[in-house]
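One-letter residues, chain by chain:
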Amino acid sequence: MPEKASTRDTAIARQGEVMREFMARSVLFQEAVARSGGLNGTDLQAVGLLLSEGPATPGELAARSGLTAGGAVTAMIDRLERAGFVTRTRDETDRRRVIVSAVPETVMARVGHVYGRVAERWNDYLDTLTDEQLDFANELLERAATINREEIETLRDETRGRSPGTPRT
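Residues numbered from 1 in each chain as written. Predicted model: local features only at pLDDT ≥ 70, side-chain atom pairs only at ≥ 80, totals over all residues. Heavy atoms only, no water.

### Topic: the overall build of the chain
Reasoning step 1: A count of helical and extended segments in the chain gives 6 helices and 2 strands.
Reasoning step 2: Each helix (α) and strand (β) of the chain, taken in turn from the N terminus, gives the series α-α-α-α-β-β-α-α.
Reasoning step 3: The dimensions of the chain, computed from C-alpha atoms along their principal axes, are 70 × 45 × 30 Å.
Reasoning step 4: At a minimum sequence separation of 6, the contacts of the chain that also span at least 24 residues come to 47%.
Reasoning step 5: Only carbon and sulfur atoms are counted for the fraction: they give 55% of the accessible area of the chain, which is about 12,100 Å².
Reasoning step 6: Where the 23 positive side-chain charges of the chain centre and where its 27 negative ones centre are 7 Å apart. (Helix = DSSP H or I, 4+ residues; strand = E, 2+ residues; numbered from the N terminus. Contact = heavy atoms within 4.5 Å. Areas by Shrake-Rupley, 256 points an atom, 1.4 Å probe, with all protein chains shown as cover. Lys, Arg positive; Asp, Glu negative; His and termini not counted. Charge placed at Lys NZ, Arg CZ, Asp CG, Glu CD.)

Below is the structure:
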């Protein structure tokens, strides 16, 4: 007779299911937010990267977002600029370089209310947790973000034909 899975094994399997559901819902949520603001998901993520990591050249934004430098990123920046989500300015130290910056006021006006509503609901839940539970939740989500970031890089390397772990040049 096969041995029953341990409670820990069951909990770990459940965690995998919960994480898959969370990740799928996160992607779908971001797509819905983007559509509500008149964007597509990739464009909204690029604006989010500019907000969180600061202004960037088109090449830097391409690297951050995983787009190919050149046509794809230029078309995205064109769309975002037309919609008022970003501005392009010349770099003051090197006039040949273009710097792309997010326009926080536009982001807030177009999608801020959605994120505000979610933050309020989330904060209501977080208020029910102990300090120890909050510390654990923060550690878990930080670790998940790190693993996802590392896996994104691995997938990009594989797509470019580079073996995982090969130094980037």
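The rest of the description comes next.
### Notes on the pattern of salt bridges
Reasoning step 1: The final tally for this structure, using the stated rule, is 9 salt bridges.
Reasoning step 2: Its salt-bridge partner being Arg 64, residue Glu 53 comes within 3.4 Å of it at the nearest N-O pair. In this pair, Glu 53 sits in helix α2 (residues 41-53) while Arg 64 sits in helix α3 (residues 58-65), placing the two residues 11 residues apart along the sequence.
Reasoning step 3: On the accessibility criterion, Arg 64 (23% relative accessible area) is partly exposed. (Salt bridge = Lys/Arg side-chain N within 4 Å of Asp/Glu carboxyl O. Buried < 20%, exposed > 50% of the residue type's maximum accessible area, 1.4 Å probe, protein only.)

### A closer look at a negative patch on the surface
Reasoning step 1: A cluster of like negative charges, contributed by Asp 131, Glu 132, Asp 135, Glu 139 and Glu 142, occupies part of the molecular surface.
Reasoning step 2: Summarising the element assignment, Glu 142 is placed in helix α6 (residues 131-159). (Patch = residues over 30% accessible without salt bridge, like charges linked within 9 Å, V, L, I, M, F, W, Y side chains within 5 Å.)

### Let's talk about the packing of aromatic side chains
Reasoning step 1: Following the criterion strictly, the structure yields 2 aromatic pairs and no others.
Reasoning step 2: Considering the side-chain rings of Phe 29 and Tyr 115, the 6.0 Å spacing of their centres and the 80 degrees angle between planes classify their relative orientation as edge-to-face. With Phe 29 in helix α1 (residues 7-36) and Tyr 115 in helix α5 (residues 104-126), the pair connects residues that are 86 residues apart, well separated along the chain. (Phe/Tyr/Trp six-rings, centres within 6.5 Å; stacked < 30°, edge-to-face > 60°.)

### Observations regarding the environment of Gln 45
Reasoning step 1: With respect to the secondary-structure elements, Gln 45 resides in helix α2.
Reasoning step 2: Measuring from C-alpha to C-alpha, the distance between Gln 45 and Ala 34 comes to 8.6 Å, with 11 residues separating the pair along the chain.

### A look at the nonpolar core
Reasoning step 1: By size, the foremost hydrophobic cluster in this structure holds 21 residues, and its most contacted members are Val 47, Leu 50, Leu 61, Leu 80, Phe 85 and Val 86.
Reasoning step 2: Sorting the residues of this core by element identifies α1, α2, α3, α4 (71-82), β2 (98-102) and α5 as the ones contributing at least two each.
Reasoning step 3: For Val 47, the contacting residues outside a window of four places in its chain are Leu 80, Phe 85, Val 86, Ala 102 and Val 107. (Core = buried A, V, L, I, M, F, W, Y, C linked by side-chain atoms within 4.5 Å.)

### Here we look at a nonpolar patch on the surface
Reasoning step 1: Residues Phe 22, Met 23 and Leu 141 make up a contiguous nonpolar surface patch of about 280 Å² in total accessible area.
Reasoning step 2: For Leu 141, the position within the fold is in helix α6.
Reasoning step 3: According to the relative accessible area criterion, Leu 141 is partly exposed, its value standing at 43%.

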